[in-house]
Amino acid sequence: MSRIVGIDLGTTNSLVAYMDGDQPRVIPNAEGRVIVPSIVSFIETGYVVGDPAKDQLITNAERTVYSIKRFMGRGLQDLRHELQYFPYTLAEQNGVVTVQIGSNEFTPPEISAMILKELKKRAEAFLGEEVTQAVITVPAYFNDAQRQATKDAGRIAGLHVARIVNEPTAASLAYGLQGKQQGLVAVYDLGGGTFDISILKLKEGIFEVLATNGNTHLGGDDFDRRVVQLIAREIQEQFALDVTQHIDLIQTMRVAAEAAKCELTSHETTTITLLLPEDKGTYSRQLQRSEFEALIKELVTDTVVRCHFALSDAGLSASDIDDVVMVGGSTRTPLVRQMVEKAFKRGPHTNINPDEVVALGAAVQGGILAGGVQDMLLLDVTPLSLGIEGLGGTINPLIRRNTTIPTQAKEVYTTSADNQTAVVIHILQGERELAKDNRSLAKFNLPLPPASAGMPRIEVNFMIDANGILNVGARDLQTGQSQSIEVKPSYGLTDDAVEGMIQDSIKFAEADIAERLAIEARNEMDALEISTVKILEEEKGVLEESERNQIVEALKNLRQTREQSDYRVLRKAIDQLNTATKHLAEVAMDHQLKAALQNKKVSEIVS
Ligand code: AMP
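The residue count restarts for each chain, going from 1 along the sequence in the order it is written. Since the coordinates come from a predicted model, pLDDT governs what is reported: local features require at least 70, and pairs of side-chain atoms require 80 or more to be given and counted, while whole-chain, interface and lining totals use all residues. Side-chain measures were taken over the full set of non-hydrogen atoms in the model, leaving aside hydrogen atoms and water.

Visitor: Hey, could you go over the pairing of strand S13 (residues 182–190) for me, with residue numbers and the actual values?
Guide: Burial classification: accessible surface area is computed with a 1.4 Å probe over protein chains only, and a residue below 20% of its type maximum counts as buried, one above 50% as exposed, and the rest as partly exposed. Segments assigned H or I by DSSP are reported as helices when at least four residues long, segments assigned E as strands when at least two residues long, and all are numbered from the N terminus. Burial within S13 is extensive, with 8 of its 9 residues counted as buried. Paired strands, in this sense, are two strands between which DSSP finds at least two bridges. Relative to strand S14 (residues 195–203), S13 is paired through 9 bridges, and the arrangement is antiparallel. Directly across from Leu184, in S14, lies its bridge partner Lys201. In textbook terms, the turn of a hairpin is the stretch between consecutive antiparallel strands, and for S13 and S14 this stretch comprises 4 residues. Here 5 bridges tie S13 to strand S18 (residues 323–327), and the two strands are oriented parallel to one another. Each residue of the ladder has a partner; that of Val185, found in S18, is Asp323.

Listed below in structure tokens is the structure:
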């Protein structure tokens with residue numbers, strides 16, 4: 001199998017890494033820079049990505065796109081509170097956000113693909129070979145649409161996305177925690193503009209996300225802002241200069257504040273010096289680490305509070321956590337490390353560069369996949385939905401795709417025909433609406449004692465363990481009789497097949513739904529036909545001649561229409577019969593009511 005690189009496609013910065021033997025390493029460009037700022041700037045000759053795009057942030061603001069990750073897989077409605085933060089123009093097409101650059105519109109996956117192409121190019125130049133496959137990381141809280149958008153970005157960039165992996169899972173892989181077999185891991189990720197806390201459960205080498213929390217607008221940039229506010233206040237006081245009138249000065253202050261912050265990570269004190277406009281001279285002051293810590297304490301406390309929320313959602317307390325993993329550049333700040341250590345009552349893992357740890361972990365996952373563990377997918381989510389065949393060849397999904405494993409689901413079903421002696425439990429995998437278009441995994445029978453249709457109650461239980469093994473059990477709740485089977489849904493299933501099945505479900509969605517609606521309508525027709533015939537036999541002169549004729553006519557029409565393929569025609573026939581039997585149904589209801597009043601069992605009257 002060919003090489004699979006690992007990509008951290010970040011909100012602010014992106015990186016690509018590869019496996020050098022059994023060691024993951026990040027890939028630098030010709031100048032030795034490993035970080036690609038996640039910024040795309042549109043210039044006259046096309047577009048630039050990364051550091052050259054960052055240089056355009058101020059001078060070409062309307063055509064320079066940053067933080068595109070915030071828009072992946074989302075609609076404008078989801079983002080109404082965010083729009084104010086962005087100088088470029090956002091629009092919407094078919095429910096998907098687009099970025100407008102002049103007369104062109106780009107979707108978030110298209111912009112992300114430009115960043116991915118840059119990483120691909122960088123990897124190819126470094127490795128001296130074509131790179132066609134990647135593992136890409138996403139936040140643990142990303143939903144299906146956001147994950148799909150990330151995959152689309154990969155495809156547009158000419159990369160086959162071998163796996164989408166949760167960022168906290170990747171960070172844990174970089175630290176080799178999967179080798180521990182089991183434990184509880186907290187991944188604390190504080191970047192430039194976002195904070196995420198994820199609580200993971202590790203069992204038999206597989207990570208399950210138990211809870212996530214965070215703040216999408218809190219990060220190291222806010223630390224810088226606190227320092228900028230302090231400097232601005234002092235310049236105003238000492239030099240009577242309103243800095244808000246000087247855009248360039250604000251930018252210089254921001255750069256100086258960030259430099260001071262980074263300096264205070266390794267030193268107790270630093271000096272900030274700024275040349276002021278309007279011939280005001282030079283502002284200079286020393287900043288102590290303790291002063292800086294007082295400025296940011298409130299912000300770090302916010303992150304710690306959210307850690308406790310996540311723990312509480314997971315039903316855990318801080319002392320249950322076995323490992324704390326630090327991710328994101330801002331976890332270098334000593335106060336952050338101290339407060340996290342205090343919150344979890346244990347020292348966090350910090351020896352891998354926190355900017356690189358996610359990309360390195362993605363490379364580890366790529367290595368595992370490329371290593372060709374042939375019949376097994378290393379999963380932390382189910383890649384395809386699992387369910388059973390329903391009446392008329394439909395599918396009843398029990399576990400939806402992308403559900404984290406281990407997981408369990410239960411449903412109660414009944415029979416559709418009188419005196420059925422068994423039900424067939426047909427286990428299926430896939431995203432299509434009809435059983436025949438999905439992958440058949442197994443089939444078994446559950447014997448039943450004879451009973452009227454709709455009377456038996458059969459409980460079907462799906463359970464996937466940490467190894468991805470699916471156990472399906474079916475139990476007759478009346479007799480207690482049960483049967484079960486074990487299957488391995490990933491057996492013989494390649495990533496390409498998974499992708500193909502998902503693509504087909506999108507491609508055929510409309511036709512599939514129409515066919516499903518037709519089958520459901522036919523099921524309803526069959527039940528309606530049986531009950532109408534029964535009720536006609538038993539109505540004992542309640543109906544007038546004309547009414548009876550109308551019902552017989554509608555019933556005839558229902559039978560003639562049954563094999564038509566258009567569900568709308570079928571529904572019309574159902575409606576026609578329902579209208580014709582309306583009076584009869586009311587009478588039957590009346591009988592039921594009277595019977596109930598006389599303490600008779602309702603089921604005796606109906607059947
Ligand atoms: P990320 O989004 O993970 O790349 O993190 C970027 C953030 O990390 C920015 O706010 C940086 O200023 C911050 N950062 C980078 N290096 C340091 C450092 N040595 N000390 C404190 N913060 C840092």
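Visitor: Summarise the side chain of Asp222; cite the residues concerned and give the values.
Guide: Structurally, Asp222 can be placed in helix H5 (residues 220–239). By relative accessible area, Asp222 is classed as buried at 14%. Only heavy atoms enter the contact rule, under which two residues are in contact if any of them lie within 4.5 Å. In contact with Asp222, not counting residues within four places along its chain, are His217 and Leu299.

Visitor: Could you give an account of the side chain of Thr303, with specific residues and numbers?
Guide: Along the chain, Thr303 falls in helix H7 (residues 289–313). Discounting residues that sit within four places of it in the chain, Thr303 has contacts with Tyr188, Leu190, Phe195 and Leu218.

Visitor: How would you explain the sheet that holds S18 if you had to name every residue and give the values?
Guide: Pairing is mixed across the open sheet formed by 4 strands, whose spatial order is S15-S14-S13-S18. Bordering the open sheet on either side are strand S15 (206–215) and S18, each of which pairs with just one other strand. Between one strand axis and the next, the sheet turns through 20° on average, direction left out of account. Convention adopted: a line fitted to C-alpha atoms gives each axis, helices being fitted over their contacting stretch, and angles between N-to-C directions are expressed from 0 to 180 degrees.

Visitor: With reference to specific residues and values, describe the site of the ligand.
Guide: Near, as used in this document, describes a residue that has one of its heavy atoms within 4 Å of the molecule or strand being considered. Inspection of the region around the ligand gives 16 residues, with Gly192, Glu258, Lys261, Thr265 and Gly329 positioned closest. Whenever two N or O atoms come within 3.5 Å, that pair is a polar contact, provided that in protein one can donate a hydrogen and the other can accept it, and provided that, for residues adjacent in sequence, both atoms are side-chain atoms. Here an oxygen atom of the ligand sits 3.2 Å away from a polar atom, N or O, in the main chain of Ser330. At 3.1 Å from a nitrogen atom of the ligand is found a side-chain nitrogen or oxygen belonging to Arg332. Computed with the Shrake-Rupley method and a 1.4 Å probe, the accessible areas treat only the protein chains shown as cover for residues. Protein coverage of the free-state accessible area of the ligand, which is 510 Å², stands at 83%. Elements with a minimum of two residues in the shell around the ligand: H5 and helix H6 (247–266). Ranked by residues supplied to the shell around the ligand, first place goes to H6 with 4 residues. Partitioned by chemical class, the residues of the shell around the ligand number 1 nonpolar, 10 polar and 5 charged. Here the term charged refers only to Asp, Glu, Lys and Arg, the term nonpolar to Ala, Val, Leu, Ile, Met, Phe, Trp, Tyr, Cys and Pro, and the term polar to all other amino acids, Gly among them.

Visitor: Describe H7, with residues and values.
Guide: End to end, H7 covers 34 Å across 25 residues, agreeing with the expected 36 Å (1.5 Å per residue, within 8%). A bend of about 50° at Ile296 is the largest found in H7. Those residues of H7 not exposed but buried are Arg289, Phe292, Glu293, Ile296, Leu299, Val300, Thr303, Val304, Cys307, Ala310 and Leu311. Downstream of H7 by one or two residues, Gly315 has phi in the positive range, about 70°. Here, expected helix span is obtained from the residue count minus one, scaled by 1.5 Å. The angle between axes fitted to the seven residues ending at a residue and the seven residues starting there is what we call the bend at that residue.

Everything listed here is a matter of coordinates, which is why it stays silent on function.
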